[in-house]
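Residue-level structural notes
Residues per chain, in single letters:
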Amino acid sequence: MDVLELARWQFGITTVYHFLMVPLTIGLSLLVAAMQTAWVRTGDERYYKMTKFWGKLLLINFAMGVVTGIVQEFQFGMAWSAYSRFVGDVFGAPLAMEGLVAFFVESTFLGLWIFGWDKLPKKVHLACAWAFSLATMASAYFILAANSWMQHPVGIEMHDGRPRLTSIWAVLTNNTTLAAFPHTIAGAFAVAATFLVGIGAWHLWKKSDDEGVWRSSLKLGTWVGVVAFGVLAVSGDVQGKLMFEQQPMKMAAAEALCHTEEPAAFSVFAIGDLTRPDCENVKSITVPALLSFLAHNDFTSEVKGIQDLVPLYQEKYGTNYPVDERLGELSGKPIDYVPALPVTYWGFRLMIGFGAISAGLGLLMLWLTRGGRVPQGRWFPITALAGIATPFLANSFGWIFTEMGRQPFVVVPNPSGVDGVWMFTAQAVSASTPGEILTSLIALTATYGLLACVEVYLIRKYVRGGVAGVIPAKTDDGALAFAY
């Protein structure tokens, strides 16, 4: 493997692993704040127990997310230094904002929440929970603003071959960001909701103490998950329409649409060799005219296919890579503007499919436990716990599709914006040797594997321990020793 391939594998492995923690932290932080709010307002012991139990799992996940997230910062300079120099003048502002929010607001109020149970007034302590959870969302917004700029550059002008920021407001209000943020947050709520449903259903089946805690957690998770899936569908439609406009090749690849159609049919399932950009051996089950509607809100409009888009890309951005020794084997070679069709096509469908499954499983669990019922077969806890993986998989496939679908670009050209603002992925890597990148890839993957074992061990330990493992001991008269 060359440096480019190794660097892409390294970034893919570490980023997908890190993003397993991120949505659970975002979604669970707001749900825990809501649980604590219910306790403060009602004084119901059940909500106190829910806050303590789910809050403990939140803290474990947050700690692992911080550890793995720090690597992302170093990775840009280590393996992608050319990219860092190119985007540095733009990314400095949103990433500085994220750092200030994440490390000052998030960390400060999380610390106050952890250690303030018996030291702060009840409502002040609750405010710390909300400050932490809202700061987590704000942190996500700034990161998405930076990522969305790579998908759709705005608010800059070119100086000496590099983009220079002219409007931070344009970057923060990028229409790509405004579409990606609700979609990402809804995905985070879907992850947290299924987490509640799966663990709550397992404890009900085990006939654990505090049945009210587990039934309330399951119901909360179910309804949050259903609403989240609805938001995902609407925001995903908005994102899709923007992608058809801003990155038509990505969406053509997502549909294996090799030839222009008017109207264009939506491919439900494809059989055949998706590795060829002519799709000659591909047979699809389709819904007539639906893709035209998804692209343009019009059942009759034209949607360009891969074969017609390639010449347009070649005319705008060149037919060959620049002759540059830093590009290695790709120096002066023809540019392949078609992303990996199997990855984009199936990644898009697996994202949607696993998201739908997670919402469906939540409703199934709610129905099966209605009226105090709990199925006794072993299939029930197995289904509930296996369902926890579905929104994680949906999120992962969604990001893989988003990032790999924009290849060969690491910064995608804005078709209606500033000319000349793009960067090929092959131009973005550092001047490292394959051995150096391979060494760091092996080291990081092994470290992340170890951290995964630690997180699974801790989560499993506290899940099995239930409420009793996270709340204070009872007083001599048998009453629960609240922190207040």
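What comes next is a walk through the structure.

Scoring rules and cut-offs
Residues numbered from 1 in each chain as written. Predicted model: local features only at pLDDT ≥ 70, side-chain atom pairs only at ≥ 80, totals over all residues. Heavy atoms only, no water. Helix = DSSP H or I, 4+ residues; strand = E, 2+ residues; numbered from the N terminus. Buried < 20%, exposed > 50% of the residue type's maximum accessible area, 1.4 Å probe, protein only. Contact = heavy atoms within 4.5 Å. Areas by Shrake-Rupley, 256 points an atom, 1.4 Å probe, with all protein chains shown as cover. Expected span 1.5 Å × (residues − 1). Arc of directions from axis to C-beta. Axes fitted to C-alpha atoms, helices over the stretch in contact; angles between N-to-C directions. Parallel < 35°, antiparallel > 145°, perpendicular 65-115°, else oblique. Left-handed = near helix turned anticlockwise from the far one by under 90°. 1 Å grid on protein atoms, 1.4 Å probe; cavity = no way out; pocket = protein on both sides within 12 Å on 5 of 7 lines; lining within 4 Å. Points joined across faces, edges and corners; volume = space filled by probe spheres on them. Nonpolar A, V, L, I, M, F, W, Y, C, P; charged D, E, K, R; others polar. Patch = residues over 30% accessible without salt bridge, like charges linked within 9 Å, V, L, I, M, F, W, Y side chains within 5 Å. Salt bridge = Lys/Arg side-chain N within 4 Å of Asp/Glu carboxyl O. Lys, Arg positive; Asp, Glu negative; His and termini not counted. Charge placed at Lys NZ, Arg CZ, Asp CG, Glu CD. Core = buried A, V, L, I, M, F, W, Y, C linked by side-chain atoms within 4.5 Å. Phe/Tyr/Trp six-rings, centres within 6.5 Å; stacked < 30°, edge-to-face > 60°. Lys NZ or Arg CZ within 6 Å of the ring centre and 35° of its normal. Pairing = 2+ DSSP bridges.

**As for the overall build of the protein chain**
Along the protein chain, the regular secondary structure elements total 14 helices and six strands. Overall size of the protein chain, expressed as C-alpha extent along the three principal axes, is 80 × 45 × 40 Å. Residue burial in the protein chain is summarised as follows: out of 484 residues, 52% are buried. Of the contacts formed within the protein chain by residues at least 6 apart in sequence, a portion of 76% connects residues at least 24 apart. Approximately 21,700 Å² of the protein chain is accessible, and the part contributed by carbon and sulfur atoms is 66%.

**Brief notes about helix α10 (residues 306-317)**
In a regular helix each residue adds 1.5 Å, so twelve residues correspond to 16 Å; α10 covers 16 Å between its end C-alpha atoms and thus fits that length. For α10, the full list of buried residues reads Ile306, Leu309, Val310, Tyr313 and Tyr317. Burial along α10 is one-sided: seen end-on, the buried residues are contained in an arc of 110°. Tucked into the core, α10 has its buried residues touching α8 (248-254), α11 (341-368), β5 (409-411) and β6 (423-424). Of the residues flanking the end of α10, it is glycine 318, one or two places downstream, whose phi is positive at about 100°.

**Details of the packing of α11 against helix α13 (residues 389-404)**
At their nearest, the axes of α11 and α13 sit 8 Å apart, and the two run at 155° to each other. By the angle between their directions, the pair α11 and α13 is classed as roughly antiparallel. Considering only the axes of α11 and α13, their crossing is left-handed. When α11 is examined against α13, the residues Val343, Thr344, Gly347, Phe348, Leu350, Met351, Phe354, Gly355, Ile357, Ser358 and Leu361 are found in contact with a partner set consisting of Thr390, Pro391, Leu393, Ala394, Phe397, Gly398, Ile400, Phe401 and Met404.

**What to know about the layout of surface pockets**
A volume near 870 Å³ is recorded for the second largest pocket. For the second largest pocket, the lining is made up of 43 residues, of which His183, Leu232, Gly236, Gln239 and Met351 are closest to its centre. Those elements that provide at least two residues to the lining of the second largest pocket are α4 (122-151), α6 (175-205), α7 (211-246), α9 (290-296), α11 and α13. At twelve residues, α7 tops the list of elements feeding residues into the lining of the second largest pocket. Residues belonging to the lining of the second largest pocket are distributed by class as follows: 23 nonpolar, 17 polar and three charged.

**Observations regarding a positive patch on the surface**
Judged by side-chain charge, Lys206, Arg378, Arg460 and Arg464 come together as a positively charged surface patch. Note that arginine 460 resides in helix α14 (residues 434-465).

**Side note on the nonpolar core**
Core analysis: the biggest nonpolar cluster contains 71 residues, and Leu28, Trp54, Leu57, Phe195 and Ile199 have the highest contact counts within it. Examining the composition of this core, we find that 17 residues originate from one element, α6, more than from any other. When residues no more than four places from it in sequence are discounted, the contact partners of tryptophan 54 are Leu28, Val32, Met35, Phe195, Leu196, Ile199, Trp214 and Ser217. Among the nonpolar cores identified, the runner-up in size contains 51 residues, and Leu4, Leu341, Val411 and Leu441 belong to it.

**Concerning the environment of phenylalanine 62**
Structurally, phenylalanine 62 can be placed in helix α2 (residues 45-79). Between the alpha carbons of phenylalanine 62 and methionine 423 there is a distance of 33 Å; along the sequence they are 361 residues apart. Once you skip the residues sitting within four places of it in the chain, phenylalanine 62 turns out to touch Thr25, Glu106, Leu110 and Phe132.

**Examining a nonpolar patch on the surface**
On the surface, Val66, Ile70, Phe74, Leu100, Phe103, Phe104 and Val105 cluster together to form a nonpolar patch covering roughly 680 Å² of accessible area. Breaking the nonpolar patch down by element, the ones donating at least two residues are α2 and α3 (81-115). Take the nonpolar patch: its biggest share by element is four residues, from α3. Within the secondary structure, valine 66 is located in helix α2. Taking the relative accessible area as the measure of exposure, valine 66 reaches 31% and is therefore partly exposed.

**Thoughts on the packing of aromatic side chains**
Evaluation of the coordinates by the stated rule reveals 27 aromatic pairs. Where phenylalanine 53 meets tryptophan 214, the ring centres are 5.0 Å apart and the plane angle is 85°; that geometry is what we call edge-to-face. Remark: tryptophan 214 occurs in helix α7 and phenylalanine 53 occurs in helix α2; sequence separation between them is 161 residues. The two residues phenylalanine 53 and tryptophan 214 agree in class, both being buried. Over the face of the ring belonging to tyrosine 47 we find arginine 46, whose NZ or CZ atom lies 4.5 Å from the ring centre. The ring of tryptophan 367 has arginine 370 lying over it, and the distance from NZ or CZ to the ring centre is 3.6 Å.

**Let's talk about the pairing of strand β2 (residues 162-165)**
For strand β1 (residues 156-159) and β2, the ladder comprises four bridges, and the chain directions are antiparallel. Opposite glutamate 157, over in β2, you have arginine 164 as the bridge partner. With antiparallel pairing between neighbouring strands as the criterion, β1 and β2 make up a hairpin whose turn holds two residues, including aspartate 160 at a positive phi of roughly 55°.

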